[in-house]
Each structure stands twice: as structure tokens, then as C-alpha cells.
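Fold and contact review
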Amino acid sequence: MMKLSENTVLITGGSEGVGLALARALIANNRVIVCGRSEEKLRRAKAQLPGLHTEVCDVTDAAQRDSLLSRLRGDFPELNLLINNAGGKWPCDLLDPACSAALVADMALNFTAPVALTSQLLPLLRERPRAAIVNITSGLVYLPKAEQAFYCAAKAALHSYSRSLRWALRDSAVSVCEVLLPLVGTNFHRGRPPRNLRAISAERAAELVLKGVASGARELRPGKSALARWLDFLAPHRGLAAVNG
Ligand SMILES: NC(=O)c1ccc[n+]([C@@H]2O[C@H](COP(=O)([O-])OP(=O)(O)OC[C@H]3O[C@@H](n4cnc5c(N)ncnc54)[C@H](OP(=O)(O)O)[C@@H]3O)[C@@H](O)[C@H]2O)c1
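Because the structure is predicted, anything quoted here is derived from the model rather than measured.

A word on the side chain of S138
- Relative to the helices and strands, S138 resides in strand β5 (residues 131–138).
- A residue is classified by how much of its surface remains accessible, and S138, at 6% relative accessible area, is buried.
- Reaching out from S138, the side chain makes a polar contact with the backbone nitrogen of L140 at a distance of 2.9 Å.
- Contact partners of S138, with chain neighbours within four places excluded, come to Y151, K155, V179, L180 and L181.

Quick look at the structure:
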């Protein structure tokens, strides 16, 4: 259980989409820091939420991560909630030998960056009486889309890492919550907004994430993510056909 007030929260990728909705939901009762690459998007986020602390940081860049972390250690030593939300996907054709460019980009943003940030922040988080790490993954962990194969593989790696980390921290005051989001209607689907009308809103996704954190949930599979897990268990081939159809 984690109370959702008086925390100091770092949300990666908090300048739009689910991250910004999380910041909006938390800002009244918590100190909220968001990071992203685009100064312009961060400026717009701050215009909407004046109390927001913004940091320009490409989380895939080790030097930028280091300087963000040293600023956080100096300015926000009370940081106790890390939300690894920044994510992105690169289309790939697995039959094209050049597809490894997508592999590198997808793994860097969706797996290596959150793991590196977590490892570097753990000493600080472990000093707090209560702390939490929230990893945002996807229902595609269970039923991957071939045209986003490396994004799905990176999220599956983050899913596995979240379980190992939770085990490693089992006797500590740091909890690990993974939220496997279903389709959310954000700019994540650049140029190809989800045609599926059942996409949830960023605000609803943020509400679900925070409900999970507050309740001490280990893994949360809202809506279709729960369905994907069961379909993978009961009829994996049909599940893959449904997702890739
Ligand atoms: N939308 C969906 O349908 C869906 C479904 C399942 C899971 N998810 C997951 O939910 C999370 C949030 O997705 P979203 O839909 O809110 O995405 P979004 O609307 O595209 O927002 C992504 C955020 O991440 C930031 N970002 C991207 N690359 C970054 C980098 N290298 N360093 C720092 N920040 C970076 C972006 O800002 P800059 O561009 O300025 O860096 C932006 O603030 C992601 O982990 C995604 O994989 C989304």
C-alpha cells in the first residue's frame, strides 16, 4: 500500500500522453518531476500544470541520465516514487535483414533505460521509509504484434525484470508495480491513431495506474490486457492471429 500524497515523484515521459495524465492526477498532493526530450512539450506541460518540475532528458542517453540523476539527488533527495513510463515503438519487418535498427532503438528506450534509471535510483529509494517503482508495460507482453516485434520483446523483458526486481526487494520498503496497459488513445500511435474505438483515454490509464500503486498491486492488467493473458494461456495461436489480424 502506498499513499498518493506527499510523495516526490519522477515520471519519465511525462510531457504528454499517459505520463502527463499521471502528473495531472498527482500534482495537487505531491511534488512531481517529469522528463522528456522536447523542451517545447515540457514547456506546454508546465503551462498546464504550473507546479510541475520539468527536466530535459533523453533517458536512452547515459550521460543525460547521469546528469538528471545528479540534479535529482541534489534537489529532490526525498524522491520516493519512480514511474518508468517513457516508451516508444519502431515498426519492423522481421523478414528484412535491416530490421536490427528497430531492435536497438526499442530495447534502448523500453528496456535498457528504465532498468538503468531504476538501478541508479535504488540507493536513494531504499533510504526512504516507503517507496515504489512503477513500470509501464503492455498487454502485448502476452500476445506480441509481429510488426512491433522488438517493442513487444522489450516490454516482455521489462515484465520479466519487474518480477525479478520485486523478488530482490521483497524484504525492503520499496515495492514494484507493473501496469500492463491495453490500447490507450495517445500520440504514441503517431500518424496512425488507434481505429479501435475501445482504446481507453490517457486519463483513465493514469487513474488505473494510480489505483494499482495505491492498493499495493504487483501487476495490473486492465481490460484487454487481462484478456490477452487468458487467450495466450488457453489458445495462443488464435490469440496471435487476433492481435496480428
Ligand atoms: N498508448 C498505448 O496504446 C499504450 C499501450 C500500452 C502501453 N503503453 C505504454 O505506456 C507508456 C506511455 O505511452 P503514451 O501512450 O503516453 O506515449 P506518448 O503519448 O507517445 O508519450 C510518450 C512520452 O515519452 C517521452 N519520451 C519518448 N522518448 C523518450 C526518451 N528517449 N527520453 C525521455 N522521454 C521520452 C515523450 O516525450 P518526448 O517525445 O519529448 O521525449 C512523451 O512525453 C509507454 O511506456 C508505452 O509503451 C502505451
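Some words on unusual backbone geometry
- Here E6, not a glycine, exhibits a phi torsion of approximately 60 degrees, which is positive.
- Within the fold, E6 resides in the segment before β1 (8–12).
- Taking relative accessible area as the criterion, E6 reaches 66% and is therefore assigned exposed.

Some remarks on the site of the ligand
- Neighbouring the ligand are 32 residues, the closest being V18, K41, N85, Y151 and T186.
- Measuring from an oxygen atom of the ligand, one finds a backbone N or O atom of S38 at 2.9 Å.
- In this structure, T186 approaches the ligand through a side-chain N or O atom, which is 2.5 Å from an oxygen atom.
- For the ligand, whose free accessible area comes to 890 Å², the fraction covered by protein is 97%.
- Secondary structure elements with two or more residues in the shell around the ligand: α1 (17–26), β5 and α5 (149–168).
- The element contributing the most residues to the shell around the ligand is β5, with three residues.
- Along the lines of polarity and charge, the residues of the shell around the ligand split into 12 nonpolar, 14 polar and six charged.

Things to note about the sheet that holds strand β4 (residues 81–84)
- The strand order across the open sheet formed by seven strands is β3-β2-β1-β4-β5-β6-β7, and the pairing between neighbours is parallel. Strand pairing shows two members of the sheet lacking a second neighbour, β3 (53–56) and β7 (219–220), which therefore form its edges.
- Alignment of β4 against β5, held across four bridges, turns out to be parallel. Its bridge partner lying in β5, I83 is registered against V134.
- In this fold helix α3 (residues 62–75) packs onto β1, β2 (31–36) and β3, with an angle of close to 155 degrees to the strand it touches most, β3.
- Packed on one face of the sheet, helix α6 (residues 202–215) meets β5, β6 (174–181) and β7 and runs near 150 degrees to β6.

So, how was this worked out
Residues numbered from 1 in each chain as written. Predicted model: local features only at pLDDT ≥ 70, side-chain atom pairs only at ≥ 80, totals over all residues. Heavy atoms only, no water. Helix = DSSP H or I, 4+ residues; strand = E, 2+ residues; numbered from the N terminus. Buried < 20%, exposed > 50% of the residue type's maximum accessible area, 1.4 Å probe, protein only. Polar contact = N/O pair within 3.5 Å; in protein donor to acceptor, adjacent residues only side chain to side chain. Contact = heavy atoms within 4.5 Å. Near = heavy atom within 4 Å. Areas by Shrake-Rupley, 256 points an atom, 1.4 Å probe, with all protein chains shown as cover. Nonpolar A, V, L, I, M, F, W, Y, C, P; charged D, E, K, R; others polar. Pairing = 2+ DSSP bridges. Axes fitted to C-alpha atoms, helices over the stretch in contact; angles between N-to-C directions.

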